[in-house]
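In case you want the letters, here they are:
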Amino acid sequence: MTYPEWHIVHAYDDYGRVISSGDPHEFGFLRAIGGFWSSLCTLSADASSMGEVDGATKQMVYVIGVSFTAELLLKAAYEETFGRLTAILRGTERSPLDRLSAEQAVDYARFLQQVPWYKWKFTEDREALAAQSSGVLRDHERRFALGIEYAAKAAYAGVIADAVAQVGADALTLRMIVRDMDRGDLETIDGVSIVTERPEGLEIETPRYRVLTHILQDVALKGATFVEIAGNDDILFTAISENASMAGAVFSRPRQGASDYRHLVVVKVDQLAERIRVMNAEGQQLEHIHDY
């Protein structure tokens, strides 16, 4: 059930990829919204087969889903009308703020892979729009529209940051047990700390989120096996391939701005390393391993 939040991260990544060479109205806002809710339905059913999904998790996922839906509907309503009109009047030559806003979108999507959204510096992005505007109609429009968006997000981010400070942020590390790998080799991997040696293997501690994915891939390609991760024996990962289907995928969907597909795959933890090695040999891209 950690995937729906990451669907939003992937949607921003898709958006950045689309507007890097095109315009915002070319992005499928409704497709992104549909992908969130359809993946949530599929994963809720899959998760329920392992045990009841707790109420707090359901509430959190639905709250962010409604917020994401509202944001994209508002953005779609603007970009499909006034935004599209100014793009047409601009012509084929992209304005300075078209290019800048695309760079900001790509940087923001990359930031979200490791850090919560509310820590992004929206105010600095807004100031950059004002500083780099050329004064043409399209730049005036981009500065106005994105300036309002960034200001609203900056204000909301402040509220969320205060709320998180009250309840405490999520843990930034987790532990797992690894076997079939030399202690010395593990110690050379940046971010890995060896906690203790157990009969099942070496207990290690690592950062979470996207850094964790890179570490697990590195460990797997060195021939190791994961015994358990954070006390769990099932795990979800996403992978990218040119094919519309992938063995074991519970949900597959084409990526926007690319000619490939994202697959959501659930495997046993002790099978994860071998699956990573197989995908690497077959030219498939491991995108993200979802921690707990």
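Residues numbered from 1 in each chain as written. Predicted model: local features only at pLDDT ≥ 70, side-chain atom pairs only at ≥ 80, totals over all residues. Heavy atoms only, no water.

Colleague: Break down the environment of P4 for me, citing the residues and quoting the values.
Modeller: Tracing the chain through its elements places P4 in helix α1 (residues 3–19). P4 gets classed as buried once you look at its relative accessible area, which sits at 0%. Ignoring any residue separated from it by four or fewer positions in sequence, one finds P4 in contact with F36, L40, V61 and I64. (Helix = DSSP H or I, 4+ residues; strand = E, 2+ residues; numbered from the N terminus. Buried < 20%, exposed > 50% of the residue type's maximum accessible area, 1.4 Å probe, protein only. Contact = heavy atoms within 4.5 Å.)

Colleague: With reference to specific residues and values, describe the sheet that holds strand β1 (residues 173–179).
Modeller: With antiparallel pairing, four strands are arranged side by side in an open sheet as β2-β3-β1-β4. Bordering the open sheet on either side are β2 (193–198) and β4 (225–229), each of which pairs with just one other strand. Direction aside, the axes of adjacent strands within the sheet are offset by 30° on average. Pairing of β2 with strand β3 (residues 201–207), which is carried by five bridges, proceeds in the antiparallel orientation. Paired with T196 across the two strands is E203, which belongs to β3. Each of β1, β3 and β4 is contacted by helix α8 (residues 209–221), which is oriented at about 150° to β3, the strand it contacts most. (Pairing = 2+ DSSP bridges. Axes fitted to C-alpha atoms, helices over the stretch in contact; angles between N-to-C directions.)

Colleague: Kindly report on the sheet that holds strand β8 (residues 285–290), identifying the contributing residues and their values.
Modeller: A sheet is described by the order of its strands in space; here four strands give the open sequence β6-β7-β5-β8, paired in antiparallel fashion. If you trace the sheet from one side to the other, it starts and ends with β6 (249–254) and β8, each paired once. Strand-to-strand twist of the sheet, defined as the mean angle between neighbouring strand axes without regard to direction, takes the value 20°. Note that strand β5 (residues 234–241) and β8 share five bridges and pair antiparallel. Pairing of I240 across the sheet is with Q285, part of β8. Strands β5, β7 (261–268) and β8 of the sheet are contacted by helix α9 (residues 269–282), whose axis makes an angle of about 145° with β7.

Colleague: Give a detailed account of the pairing of β7, specifying residues and quantitative values.
Modeller: The pairing of β5 with β7 spans eight bridges and is antiparallel. In the strand pairing of β7, S241 is matched with Y261. Where β6 meets β7, five bridges bridge the pair, whose relative direction is antiparallel. Residue F251 lies in a different strand from β7, and its bridge partner there is L264. The turn joining β6 and β7, which pair antiparallel and follow one another in sequence, is formed by six residues; a positive phi near 75° is taken by G257.

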